Amino acid sequence: MKHNYHSHTVRCGHAVGTEREYIETGIKNGLITIGFSDHSPFLFWKERDGGMKIDREKAADYFKTLGELRQEYRITHPEIYIPVGFEFEYFPGAFDSYIEEADSCAAVLPDGERVGIEYLILGQHFTGFGSENGGYSGMPGDSEKRLASYVEAVIAGMETGKFTYLAHPDLINFTGSVQVYEKHMREIPIAAKKLGIPLEINLLGLHEHRNYPNDLFWHMVSETGNLVVMGCDAHAPERVGNPELISEGEAFAKRFGLQVLDELTLRNPLA
Ligand SMILES: [Zn+2]
Ligand SMILES: [Zn+2]
């Protein structure tokens, strides 16, 4: 693995370290692409309903900090590519305008280079919106309605064409029957294949033995024959291109007979 598109920064409130430490660790671990895809500033919004405001200050600082660092590394390490994006929720409704609003926090550096959203990965951390608040997707629950609502949001998100890949596609923590899980979740690999969107083996979830990656899901991915990527989902510098985590991901992919893509072509969500 030489290309990682999934790293966070302190701005999301649950990551540690400086951007420079993430980049330095990535370089030390032999990465060529060190992509940043922090949670979009309004992911952990204060008032989920109605008050989904972008914290413009944080977003502006994110673009400026990474833009300046990238200019510096272009001189000292011209072989390293540092794309800047977000891990974004899909929201029904005025979705395009959310992207545009987040991008309007772009930084313009002294030499005129504009640093805004260069790619998005889809991470559906919440199910249901408005009155149908289904809460955090990783929270255990046996509601089929909640499962269906997760699948629906993920597919609608992929269908926007804005996302380079789907992060932790199996984040939803469904504790009901295997049959119900498979009936709904199978729709994700089917849609992703049709749309040509890679599915991420999330190295954070794998390493920490979270509810994802879920074997049942990846059996279906294997059967469907999807494009697959690995994502560090780094919330700490030492997780960027960490060889131990990568070998865990490789062993996982091998177990399911998955072909893992490494370098991706980024989809421009503003095109
Ligand atoms: Zn995530
Ligand atoms: Zn993430």
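The structure this text deals with has already been given above.
Being a predicted model, the structure only gives us computed values, none of them experimental.

A. Structural view of helix α2 (residues 56-76). The first and last C-alpha atoms of α2 sit 30 Å apart over 21 residues, in line with the 30 Å expected at 1.5 Å per residue. Among the residues of α2, those classed as buried are Ala-59, Tyr-62, Phe-63, Leu-66, Gly-67, Leu-69, Arg-70 and Tyr-73. The inward-facing, buried residues of α2 contact α1 (19-28), β3 (36-39), β4 (84-88), α3 (95-103), β5 (107-108) and β6 (114-115).

B. Molecular detail of the packing of aromatic side chains. Following the criterion strictly, the structure yields 15 aromatic pairs and no others. Measuring from centroid to centroid gives 6.1 Å for Tyr-22 and Phe-36, while their planes differ by 45 degrees, and the two rings are tilted. Of this pair, Tyr-22 sits in helix α1 while Phe-36 is found in strand β3, placing the two residues 14 residues apart along the sequence. Of the two residues, Tyr-22 and Phe-36, both sit in the buried class. Both rings, one in Phe-217 and one in Trp-218, keep their centres 5.5 Å apart while their planes meet at 85 degrees; by these two values the pair is edge-to-face. Taken as a pair, Phe-217 and Trp-218 share a single burial class, namely buried. Following the ring pairs from residue to residue traces out a cluster consisting of Tyr-62, Phe-63, Phe-86, Phe-88, Tyr-90, Phe-95 and Phe-163.

C. Here's a closer look at the coordination of the zinc ion (ligand 1). For the zinc ion (ligand 1), the full set of protein donor atoms is Glu-87 (OE), His-125 (NE2) and His-168 (NE2), at a range of 2.1 Å. Between consecutive donors of the zinc ion (ligand 1), the numbers of intervening residues give the motif E-x37-H-x42-H. In this structure the zinc ion (ligand 2) is found 3.3 Å away from the zinc ion (ligand 1), and Glu-87 serves as a bridging donor for the pair. Taken together, the residues span a long stretch of sequence, with Glu-87 in strand β4 and His-168 in the loop between β8 (165-166) and α5 (178-185) at a distance of 81 residues.

About the cut-offs
Residues numbered from 1 in each chain as written. Chains lettered and ligands numbered in written order. Predicted model: local features only at pLDDT ≥ 70, side-chain atom pairs only at ≥ 80, totals over all residues. Heavy atoms only, no water. Helix = DSSP H or I, 4+ residues; strand = E, 2+ residues; numbered from the N terminus. Expected span 1.5 Å × (residues − 1). Buried < 20%, exposed > 50% of the residue type's maximum accessible area, 1.4 Å probe, protein only. Contact = heavy atoms within 4.5 Å. Phe/Tyr/Trp six-rings, centres within 6.5 Å; stacked < 30°, edge-to-face > 60°. Donors = N, O, S within 2.8 Å, 3.2 Å for Na, K, Ca; no water.

None of this, on its own, says anything about what the molecule does.
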